[in-house]
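One letter stands for each residue in the lines below.
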Amino acid sequence: MKRENRGFWPLLLVLLLCLGVGVGVLAARMQLSGTEVTTEPTAVIVTPEPTEEPLPVILPEDCGHPAFENGVCVLCGYVCEHPFHSTEGECLRCGEKVVHHYVHALCSCGRIPDYHESLLPDRFYEPCEEAGTILSWSFETTDWSRQMPVTMKVGFYLPYGYDPGQKYNVLVLMHGLRTTEESWLGLPLPLENDREIQMRWIYDRMIAEKIIDPLIIVSASQYLYRGEDFYKSKYEQMAYELQNVILPYTVENFSTWAEDSSPEAISAAREHFALGGNSWGSYFTYDTGMCQSLPYFSRFLCFSGDANTGWIVEQLESPALRDYSVDLYYAAAGDYDVALKGEQSVFYTVVPLVERLVDGENAFFHVCQGGHDWATWSIEIYNALQLVF
Ligand SMILES: [Zn+2]
Ligand SMILES: [Zn+2]
Ligand SMILES: [Zn+2]
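What this report covers is the structure whose coordinates are included nearby. (Residues numbered from 1 in each chain as written. Chains lettered and ligands numbered in written order. Predicted model: local features only at pLDDT ≥ 70, side-chain atom pairs only at ≥ 80, totals over all residues. Heavy atoms only, no water.)

1. A word on the pattern of salt bridges
Pairing between side chains becomes possible if they bear opposite charge and their charged atoms approach one another.
Then step 1. By the definition in use, this model includes five salt bridges.
Then step 2. In this structure, Arg200 and Asp204 form a salt bridge, with 2.8 Å as the shortest nitrogen-oxygen distance. Separated by four residues within a single helix, Arg200 and Asp204 lie in helix H2 (residues 199-208), roughly one turn from each other.
Then step 3. We classify Arg200 as buried; its relative accessible area is 12%.
Then step 4. The shortest N-O distance in the salt bridge between Asp327 and Arg299 comes to 3.7 Å. On the criterion of sequence distance, the pair formed by Asp327 in the loop between helix H6 (309-316) and strand S13 (328-334) and Arg299 in strand S12 (residues 299-303) is long-range, its members being 28 residues apart.
Then step 5. Of the residues examined, Asp327 reaches a relative accessible area of 30% and is grouped as partly exposed.
Then step 6. Accessibility expressed as a relative area gives 13% for Arg299, which makes it buried. (Salt bridge = Lys/Arg side-chain N within 4 Å of Asp/Glu carboxyl O. Helix = DSSP H or I, 4+ residues; strand = E, 2+ residues; numbered from the N terminus. Buried < 20%, exposed > 50% of the residue type's maximum accessible area, 1.4 Å probe, protein only.)

Listed below in C-alpha cells is the structure:
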C-alpha cells in the first residue's frame, strides 16, 4: 500500500503542474492575440485617492537661483518677469510688489479692485514723497462761436521717475464749471471739515504704492461759454483741438505708446489713451470723446455728468464708429450728488442699447458716499484708475 501511494502522489503533482502551465499559456495567448479574455484580469488597476493638496504652481523656467532683490537675481542678474503673483500683489518668484491688472474687473490672481465707498484712507489726503512733475503749456486760438481770440491752457502730470525710454498710458481729464485745467492736477481743492486735497497726491501715492502703473495725465482748459451757438465751441471745437492740438503735442513731447503724432499712429495706440471728466467734464467726455473722438480713445471715465443719450447711441452704432471698441466705460456719482440721476440714466439707457457695452464687463456704474464735489471725484478717480489701463 505504501509503495502504491508513493507512486500516485508524484504523478498527480506532475499532472496538476501540466494543467496549470497549459491554462497559463492559453490565457497568455488569448491576451497577446487580442481576442476576448474571459478570465478575470490579473493586473490590479490602482485608482489614486483624490488629494486635498492644491495643485503646485508651475513657474516658467528662470535662472533657478533663490535670491532676488528688487526683482533681480543677486547671483546672476536675471530680471524676474513676474509670471504669477498672489492676491496681495506679491510676485510668487521674487516677492516684489506688482500692479494688479483687471480684465472685466478681475485680476488673473483672483483679486477684484479695491473700490472705496467713502473717504479714502488718510494717507491720500497728504503729499506723497515720490511726487510727479506738473508742467504747463498754452496755445492761442479763436473761440469758434464767439469769434474772439482765446488762450487755452494745458497741464501735464508726469509720474515720479518719468523715463523717456519707457512708454506711458495717457489719461486726459476734463474739468467742470468754476474750476480750471489745474483742478485735476495740483490745485488745492476744498473738502468738508476744512480739509483740502490735490488730485495729484492720489496719483503720486497710487503709483508709489504700485496700485497702478505710472501714467501721464493731461488736463486742458475748456470752452464753458453757454451763449448762442455754444454747442459749436463747447464740443466741436474741443474735439477738434483734442485731436489736432492736444494729443499731437502730448505724443511729440512725452513718451507714449503712439509711434508718432499722426492721427493714424495715435489711433493705432488708442487702447493706451483714456478720456474722463467730472460734471461738465463728463458731458465733454461723452460728447467730444465717445461721440467725436472714439478713433483716438478707447476708455472713458464719466463722473457726475449727463448727456444726450440718443446721440451717444447713434454715434456708437454709426458705420464710422461701430468697429471701434470701448475697452472701458466707467460712470460714477455720489449718493447725494445732484448729477446722480443724470449720470445713472445715461449709463442705464446707453449700455442696453449698445451691444459692445456689457455691464460688469467693460461698463461699470458706481455710487460712492458724497455730493457733487471733490470728495466724490477723489474717491471715484481712485476707483477708476485701478480699472482704466
Ligand atoms: Zn540667478
Ligand atoms: Zn518677480
Ligand atoms: Zn493680481
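2. Overview of the coordination of the zinc ion (ligand 3)
Then step 1. Taken together, His85 (NE2), His100 (ND1), Cys107 (SG) and Cys109 (SG) make up the full set of protein donors to the zinc ion (ligand 3), lying 2.0 to 2.3 Å away.
Then step 2. Taken together, the four donor atoms coordinating the zinc ion (ligand 3) span angles of 101 to 119° at the metal, a pattern that classifies the geometry as tetrahedral.
Then step 3. Along the chain, the residues donating to the zinc ion (ligand 3) fall in the pattern H-x14-H-x6-C-x1-C. Taken together, the residues His85 in the loop between strand S2 (72-73) and strand S3 (102-103) and His100 in the loop between S2 and S3 connect sequence positions 15 residues apart. Here the two residues His85 and His100 agree in accessibility, since each one is buried. (Donors = N, O, S within 2.8 Å, 3.2 Å for Na, K, Ca; no water. Tetrahedral: all angles 85-135°; square planar, octahedral: opposite > 155°, others 65-115°.)

3. Examining the coordination of the zinc ion (ligand 2)
Then step 1. Summarising the metal site, the zinc ion (ligand 2) is bound by the protein donors Cys80 (SG), His82 (ND1), Cys91 (SG) and Cys94 (SG), whose distances to it range over 2.1 to 2.3 Å.
Then step 2. Each of the four donor atoms bound to the zinc ion (ligand 2) contributes to angles spanning 107 to 112°, and the resulting shape is tetrahedral.
Then step 3. Spacing between the donor residues of the zinc ion (ligand 2) along the chain follows C-x1-H-x8-C-x2-C. Of this pair, His82 sits in the loop between S2 and S3 while Cys94 sits in the loop between S2 and S3, and the two are twelve residues apart along the sequence.

4. Quick notes on the sheet that holds S12
Then step 1. Taken in spatial order, the eight strands of this open sheet run S5-S6-S10-S7-S11-S12-S13-S14, and their pairing is mixed. Pairing within the sheet leaves two strands with one partner each, and these edge strands are strand S5 (133-143) and strand S14 (363-368). Neighbour-to-neighbour, the strand axes of this sheet turn through a mean angle of 15°, independent of strand direction.
Then step 2. Note: strand S6 (residues 148-158) against strand S10 (residues 215-220), four bridges, orientation antiparallel. Looking across to S10, one finds that Tyr157 is bridged to Ile217.
Then step 3. Sitting on the sheet, H2 is in contact with S5, S6, strand S7 (169-174) and S10, with an inclination near 30° to S6.
Then step 4. Running at roughly 145° to strand S11 (residues 273-278), helix H5 (residues 280-291) makes contact with S7, S11, S12 and S13 of the sheet. (Pairing = 2+ DSSP bridges. Axes fitted to C-alpha atoms, helices over the stretch in contact; angles between N-to-C directions. Contact = heavy atoms within 4.5 Å.)

5. Notes on the packing of H2 against helix H8 (residues 374-388)
Axes are the key here: two packed helices are described by the angle between their axes and the distance separating the axes.
Then step 1. One can describe the packing of H2 onto H8 by two numbers: an axis separation of 10 Å at closest approach and a directional angle of 25°. The orientation of H2 relative to H8 falls into the category roughly parallel. As for the relative orientation of H2 and H8, their crossing is right-handed in sense. Along the contact surface, H2 presents Met199, Ile202, Tyr203 and Met206, while H8 presents Trp374, Ser378, Ile381, Tyr382, Leu385 and Gln386.
Then step 2. A breakdown of the residues in the contact of H2 with H8 according to their chemical character gives eight nonpolar, two polar and no charged. (Parallel < 35°, antiparallel > 145°, perpendicular 65-115°, else oblique. Left-handed = near helix turned anticlockwise from the far one by under 90°. Nonpolar A, V, L, I, M, F, W, Y, C, P; charged D, E, K, R; others polar.)

6. Observations concerning the packing of H6 against helix H7 (residues 340-353)
Then step 1. At their nearest, the axes of H6 and H7 sit 10 Å apart, and the two run at 30° to each other. Here H6 lies roughly parallel to H7, going by the angle between them. By crossing handedness, the relation of H6 to H7 is classed as right-handed. The segment H6 lies against H7, with Thr309, Ile312, Val313 and Leu316 engaging Ser345, Val346, Thr349, Val350 and Leu353.
Then step 2. When grouped by side-chain class, the residues that make up the contact of H6 with H7 number six nonpolar, three polar and no charged.

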